[in-house]
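These are the residues of each chain, in order.
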Amino acid sequence: AQTVTQSQPEMSVQEAETVTLSCTYDTSESNYYLFWYKQPPSRQMILVIRQEAYKQQNATENRFSVNFQKAAKSFSLKISDSQLGDTAMYFCAFMKWSRDDKIIFGKGTRLHILP
Amino acid sequence: EAGVAQSPRYKIIEKRQSVAFWCNPISGHATLYWYQQILGQGPKLLIQFQNNGVVDDSQLPKDRFSAERLKGVDSTLKIQPAKLEDSAVYLCASSLGTGTDTQYFGPGTRLTVL
């Protein structure tokens, strides 16, 4: 069974700083997807970034980028120039390369951006 | 484009009572998901529909939970009877096609069972 572990329950950083959220996962699959989801205090979850395991290049979306280390089964999220609106729960998630498989979420990291 | 709609936003019930949640996905989205998010944990998939057929309900406690998606659009999730451990946020999400498509989440329904 696949598992996703986020070892940082909570983090705080000053506005404009760079912050890295950690995620490790366990799987015997060779093809899969990895995601970072953001859940702001209003609770509507949105996709931040996704990575296909077969791609060696790390995904980036504006200020958000990932460090994908397939051999180490590590998938960290870096937020550059952090903004107050980045305050949220961040979930790392895994999904097998399968037409109808489910997403497995980690327990989340609560990120506070301080003014 | 309207997002995923859910109602009610909050519900408080006594244990052993029944409760129902409603979800309206984004127009044209074939796949609909119900998740349970217990405080301090990530969402857990309860059931996945493709149009009006069930794709995965392996984690749905079928002795008390039921869900339907009539005509492949709206969906309802019911709990009967509720237990204390059912207190959670119930999230609905939809995607255009298969599980690899981006899932769009609704605001959720926070259920408190007393």
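Predicted model only: the values in this text are computed from it and were never measured.

Cut-offs and rules
Residues numbered from 1 in each chain as written. Chains lettered and ligands numbered in written order. Predicted model: local features only at pLDDT ≥ 70, side-chain atom pairs only at ≥ 80, totals over all residues. Heavy atoms only, no water. Helix = DSSP H or I, 4+ residues; strand = E, 2+ residues; numbered from the N terminus. Rg over C-alpha atoms; globule rule 2.2 N^0.38 Å. Buried < 20%, exposed > 50% of the residue type's maximum accessible area, 1.4 Å probe, protein only. Contact = heavy atoms within 4.5 Å. Areas by Shrake-Rupley, 256 points an atom, 1.4 Å probe, with all protein chains shown as cover. Lys, Arg positive; Asp, Glu negative; His and termini not counted. Charge placed at Lys NZ, Arg CZ, Asp CG, Glu CD. Pairing = 2+ DSSP bridges. Axes fitted to C-alpha atoms, helices over the stretch in contact; angles between N-to-C directions. Salt bridge = Lys/Arg side-chain N within 4 Å of Asp/Glu carboxyl O. Buried area = accessible area lost by both parts, 1.4 Å probe. Polar contact = N/O pair within 3.5 Å; in protein donor to acceptor, adjacent residues only side chain to side chain. Phe/Tyr/Trp six-rings, centres within 6.5 Å; stacked < 30°, edge-to-face > 60°.

### Considering the overall build of chain B
Consideration 1: A tally of helices and strands in chain B yields zero helices and eleven strands.
Consideration 2: Mapped in sequence order, the helices and strands of chain B form the string β-β-β-β-β-β-β-β-β-β-β.
Consideration 3: Here the C-alpha radius of gyration of chain B, 13 Å, is about what a compact globule of 114 residues would show, namely 13 Å.
Consideration 4: Counting the 114 residues in chain B, one finds 48% classified as buried.
Consideration 5: The contacts of chain B with a sequence gap of at least 6 include a subset with a gap of at least 24, amounting to 53%.
Consideration 6: Put simply, chain B shows about 5300 Å² of open surface, and 51% of that area lies on carbon and sulfur atoms.
Consideration 7: Where the 12 positive side-chain charges of chain B centre and where its 10 negative ones centre are 7 Å apart.

### A few points about the sheet that holds strand β7 (residues 65–68) of chain B
Residue and element names in this part refer to chain B.
Consideration 1: Within the open sheet, the four strands sit side by side as β1-β3-β8-β7. Their pairing is antiparallel. At either margin of the open sheet sits one strand with a lone partner, and together these are β1 (5–7) and β7. Each adjacent strand pair in this sheet contributes to an overall mean axis angle of 15°, direction not counted.
Consideration 2: Looking at chain direction, β1 and strand β3 (residues 19–24) are connected through three bridges and run antiparallel. Looking at β3, one finds that serine 7 is bridged to tryptophan 22.

### Comments concerning the pattern of salt bridges
Consideration 1: Under the defined criterion, the tally for this structure stands at seven salt bridges over all chains.
Consideration 2: Across the pair glutamate 52 of chain A and lysine 55 of chain A runs a salt bridge whose closest N-O atoms are separated by 3.7 Å.
Consideration 3: Its relative accessible area of 38% is what places lysine 55 of chain A among the partly exposed residues.
Consideration 4: We note a salt bridge from arginine 64 of chain B to aspartate 86 of chain B, for which the minimum N-O separation is 2.5 Å. A residue pair is termed long-range when its members are at least 10 positions apart, and arginine 64 of chain B in the loop between β6 (53–56) and β7 and aspartate 86 of chain B in the loop between β8 (75–79) and β9 (88–95) qualify at 22 residues. Accessibility classification places arginine 64 of chain B together with aspartate 86 of chain B in one group, the buried group.
Consideration 5: Within this structure, Arg50, Glu52 and Lys55 of chain A form a network of salt bridges that share partners.

### A closer look at the pairing of strand β2 (residues 10–14) of chain A
Residues and elements named next belong to chain A.
Consideration 1: Side chains Met11 and Val13 of β2 all project onto a buried face; the interleaved residues Glu10, Ser12 and Gln14 project onto a face where none is buried.
Consideration 2: Here β2 runs beside strand β12 (residues 109–114); their pairing, made up of five bridges, is parallel. Note that in β12 the partner of glutamine 14 across the bridge is leucine 114.

### With respect to the interface of chain A and chain B
Consideration 1: Contact residues are listed per partner, giving 20 residues for chain A and 29 residues for chain B.
Consideration 2: Where chain A abuts chain B, roughly 1900 Å² becomes buried across the two surfaces, and 50% of that area is made up of carbon and sulfur atoms.
Consideration 3: Notably, a salt bridge pairs lysine 102 of chain A with aspartate 56 of chain B, separated by 3.1 Å at the nearest N-O pair.
Consideration 4: Counting every contact that joins chain A to chain B gives four residue pairs in polar contact (both at pLDDT 80 or more).

### Examining the packing of aromatic side chains
Consideration 1: Evaluation of the coordinates by the stated rule reveals 15 aromatic pairs over all chains.
Consideration 2: Between tyrosine 32 of chain A and phenylalanine 94 of chain A the ring centres are 5.1 Å apart and the planes differ by 35°, which places this aromatic pair in the tilted class. You can see tyrosine 32 of chain A sitting in strand β5 (residues 32–39) and its partner phenylalanine 94 of chain A sitting in strand β10 (residues 88–96), a full 62 residues away along the chain. Of the two residues, tyrosine 32 of chain A and phenylalanine 94 of chain A, both sit in the buried class.
Consideration 3: Chaining the aromatic ring pairs together yields one cluster made of Tyr33, Phe35, Tyr37, Phe91 and Phe105 of chain A together with Tyr33, Tyr35 and Phe105 of chain B.

### What about the side chain of glutamine 8 of chain A?
Residues and elements named next belong to chain A.
Consideration 1: Topologically, glutamine 8 is positioned in the loop between β1 (3–5) and β2.
Consideration 2: What makes glutamine 8 buried here is its relative accessible area of 18%.
Consideration 3: If near-sequence neighbours (up to four positions away) are discounted, glutamine 8 is found in contact with Thr20, Leu21, Ser22, Gly108 and Thr109.

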